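# Structural overview
These are the residues of each chain, in order.
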Amino acid sequence: MSLREKVRKAVGERDSLARMRKSFETIAERRATNSGRIPDLQPVKERVRKVKETSVGNEGLLAEAISSLRENGCRVVLVKTGEAAVDFIADEVAGHSLVVKSKSNVSKQLRLSESLSERGIEVIETDLGDRIVQLMGCPAVHPTGPACHLGRKEISELLSRHFGRMISDDPKELTEAVREEISGYVERAKVGITGANVIAAREGAIVIVHNEGNAARCASLPEKHIVVTTPEKVVPDLRDAIDVTKLQTLYSTGKVISSYIEVISGPSYTADIEKMIYTGMHGPKEVIVVIVDDGRQSLSDPESLYCIGCGSCLTRCPVYSIVGPVFGTPGRVGGLGVGMLASMGRLKEADDAGLFLCTSCGGCREVCPVDIDTRKVLLKGREAFVGQKLEGTAERDAIVGSVRNYDNPWQMPRARRSRWSREMALPSEGEIVYFAGCSTSFLFPESAKGAIRLLRAAGMEPAYIGSSERCCGSILRKLGETELAREKAESCYMNLAKAGAKVVVTSCPGCYSTLDAYPEFKERYGIEIRHISQILCEHLDKLKIVPVKAYGKVTYHDPCDLGREKAVFDEPRALLDAALETPAVEMRRSRSESACCGAGSGVKSGFGELASAIAMERISQAVAAGADTLVTACPWCFQNLRECQNSDQSVAVVDLMELLLSALSDQR
Ligand code: SF4
Ligand code: SF4
């Protein structure tokens, strides 16, 4: 199935992920409550980020970890490829028909269980959620809550089929049935496989965090314990390792501490008889640590390797919330997983896993404990994809070709760009220049006229460069066409400078954030870029506003490019406050925590049904806030949200310019 088909199918079946979305909310609420119980949370986050920056790719540290682990009696192998890792583990397991295993993302990436099964070795997942998805034959949806999309009824049906007897949907009965079965396997197995959450180099210690107690049993009951891990798990010492576990626990489950933190530094042994070392006293005789590089050393950008695998970003991702693990691959779910594949140069695989599904909303970074800019990682991946001239989609090619040839994404004739301005009598030169942008010019000409009227009402006489206005290149940047985007942005600056611009005002957040992203052009051409909400807010005293009540209860949707990207949160709200009789209400997610509308970064053109499904989620948040009107300050958001206004029209989507205009006393 192609990605497009998978996305379409997932969108059609999105109700099946309702439980996953609910459990993501529960994690977020629990984390918000418990964060206060870690008074040094911010310093811990900063410390872990620093530790990651200095540890990832640090060959000396890796060598120290290997040497310490060996000194402690572990057998350590560093393997280059995933295939070599699987072969090595298969050789270690040879002669045994059963292996018990606990949670490990790396093993999912390697398809280790499947590969061992193909070689006649039965692999039993011992984590309840992992065992459920193993029996169900479906992908895990979250690193620590693999089966959180399934309800107790489905699990009861699954287990009843599996055990050949009725297992009720009582969670106690469900867990007991699985526990009994797994206990039998663990007692019989001679080999246990686990992952490692962190490895402390100085002490040579493997740290495993878990709640169920299964990882401890896999690591201590069988004769042989195989740890499958990767180089980026290595940190300098145990104190750093404990810092990582604190964040992992809080951000993956919302809890302050997990039930178990195992610190394993070698095989079980005793020296109680004549001080002679005897291994395998109660635990394993052998601990084998398999460190799989699998392309990590050659990563173009290490950022994705700073990830501690908490899965918090998934809980905020508008794309993941609709399509789940379609966005990603096993063990590499969501934007960061795809970004990691792209950073490893596996661009075709990354494309198939959703390299171009991300809306570039930046929501994931807000909740990442190590401040990973996943959006940037993905954009770099797109840039590499384009750089290697890999085959794109017809939609992406059409957008890029259109911007290249027509200076807008929709193959509209250039001459139509300035049509909206015909009756506005705008000067073509001046210090303040209005930049309409493609969407406003071609799709929402009334909004452009409204912007001019508002600027005039605020005492300004903006100039407009008409057909000399170019596409700012926003969509090109987001599709990885970095060079062409830069050319487009510079041609905008050149033409604006020719018109004498000192301040460029735009009503499009995409144009604002894009033009503002080139400090060298701003400096060279002496131009400042502003969003219209900022300028109007500064001149609010000059606007003759009579507050209106026609819109009922109003809520404001923060466009990602304006809010999270440029931190313009207050100005649109101040304008709304002035224009409304009743103060606007906030949605559950607003300001830096705002949810995306789903249209950005080419998602609307490439995956229209996904963009609509995300918009409907956002509209449902406005409904939940009791709003009659959802206002936004971005033409892209406006278009996507308005197209998805719920069928009974209980929420109207309105452009901020339109609302402000209706409140101007002389426009009434
Ligand atoms: S930027 Fe937004 S859409 Fe992209 S991965 Fe992050 S949360 Fe998901
Ligand atoms: S990118 Fe950040 S939030 Fe996402 S799993 Fe990694 S550490 Fe957690």
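Residues numbered from 1 in each chain as written. Chains lettered and ligands numbered in written order. Predicted model: local features only at pLDDT ≥ 70, side-chain atom pairs only at ≥ 80, totals over all residues. Heavy atoms only, no water.

## Digging into the site of ligand 1
Every residue close to ligand 1 is listed here: Cys317, Pro318, Val319, Gly335, Cys358, Thr359, Ser360, Cys361, Gly362, Cys364 and Arg375. Class assignment of the residues belonging to the shell around ligand 1 gives a composition of six nonpolar, four polar and one charged. (Near = heavy atom within 4 Å. Nonpolar A, V, L, I, M, F, W, Y, C, P; charged D, E, K, R; others polar.)

## Remarks on the site of ligand 2
Looking at ligand 2, the residues that line it are Cys307, Ile308, Gly309, Cys310, Gly311, Ser312, Cys313, Leu336, Cys368, Pro369, Val370 and Ile372. Of the residues assigned to the shell around ligand 2, the class counts are nine nonpolar, three polar and no charged.

## Observations regarding the packing of helix H27 (residues 570–579) against helix H31 (residues 656–663)
Between H27 and H31, whose axes approach to 10 Å, the crossing angle comes to 35°. Read as a crossing pair, H27 and H31 show a hand that is left-handed. Between H27 and H31, the contacting residues are Pro572, Leu575, Leu576 and Ala579 on the first element and Leu656, Leu659, Leu660 and Ala663 on the second. Across the contact of H27 with H31, the residue classes tally to eight nonpolar, no polar and no charged. (Axes fitted to C-alpha atoms, helices over the stretch in contact; angles between N-to-C directions. Helix = DSSP H or I, 4+ residues; strand = E, 2+ residues; numbered from the N terminus. Left-handed = near helix turned anticlockwise from the far one by under 90°. Contact = heavy atoms within 4.5 Å.)

## Things to note about the nonpolar core
Within the largest apolar cluster, 110 residues are counted, with the highest numbers of intra-cluster contacts made by Val323 and Leu610. Beyond its immediate stretch of four places on either side in the chain, Val323 contacts Val7, Ala10, Val11, Leu17 and Leu610. Counting 25 residues, the second largest nonpolar core, distinct from the first, contains Val48, Tyr306, Cys310 and Cys368. (Core = buried A, V, L, I, M, F, W, Y, C linked by side-chain atoms within 4.5 Å. Buried < 20%, exposed > 50% of the residue type's maximum accessible area, 1.4 Å probe, protein only.)

## Quick notes on the domain arrangement of the protein chain
What the domain assignment lists for the protein chain is domain 1 (1–35 + 310–392), domain 2 (38–292), domain 3 (395–538) and domain 4 (545–667). A straight line from the C-alpha centre of domain 3 to that of domain 4 covers 22 Å. Listed per partner, the contact involves 29 residues of domain 3 and 27 residues of domain 4. Of all residues in domain 3, Phe444, Leu454 and Pro509 give up the largest surface area on contact with domain 4, accounting jointly for 22% of the area buried on that side. Applying the counting criterion to the domain 3 and domain 4 interface returns two salt bridges. Notably, a salt bridge pairs Asp516 with Lys566, separated by 2.7 Å at the nearest N-O pair. Applying the counting rule to domain 3 against domain 4 returns four residue pairs in polar contact (both at pLDDT 80 or more). For the side of domain 3 that touches domain 4, the leading source of residues is helix H21 (residues 445–457), giving six residues. Tallied by class, residues from the side of domain 3 that touches domain 4 come to 15 nonpolar, 10 polar and four charged. (Domains from an automatic or database assignment. Buried area = accessible area lost by both parts, 1.4 Å probe. Salt bridge = Lys/Arg side-chain N within 4 Å of Asp/Glu carboxyl O. Polar contact = N/O pair within 3.5 Å; in protein donor to acceptor, adjacent residues only side chain to side chain.)

## Comments concerning the sheet that holds strand S15 (residues 432–435)
Two modes of strand pairing occur in sheets, parallel and antiparallel, and in both the strands are linked by backbone hydrogen bonds. Strand order in the open sheet formed by three strands is S15-S16-S17, with parallel pairing between adjacent strands. Strand pairing shows two members of the sheet lacking a second neighbour, S15 and strand S17 (528–531), which therefore form its edges. Averaged over neighbouring strand pairs, the angle between their axes works out to 30° when direction is ignored. Note: S15 against strand S16 (residues 503–506), four bridges, orientation parallel. Paired with Ile432 across the two strands is Val503, which belongs to S16. (Pairing = 2+ DSSP bridges.)

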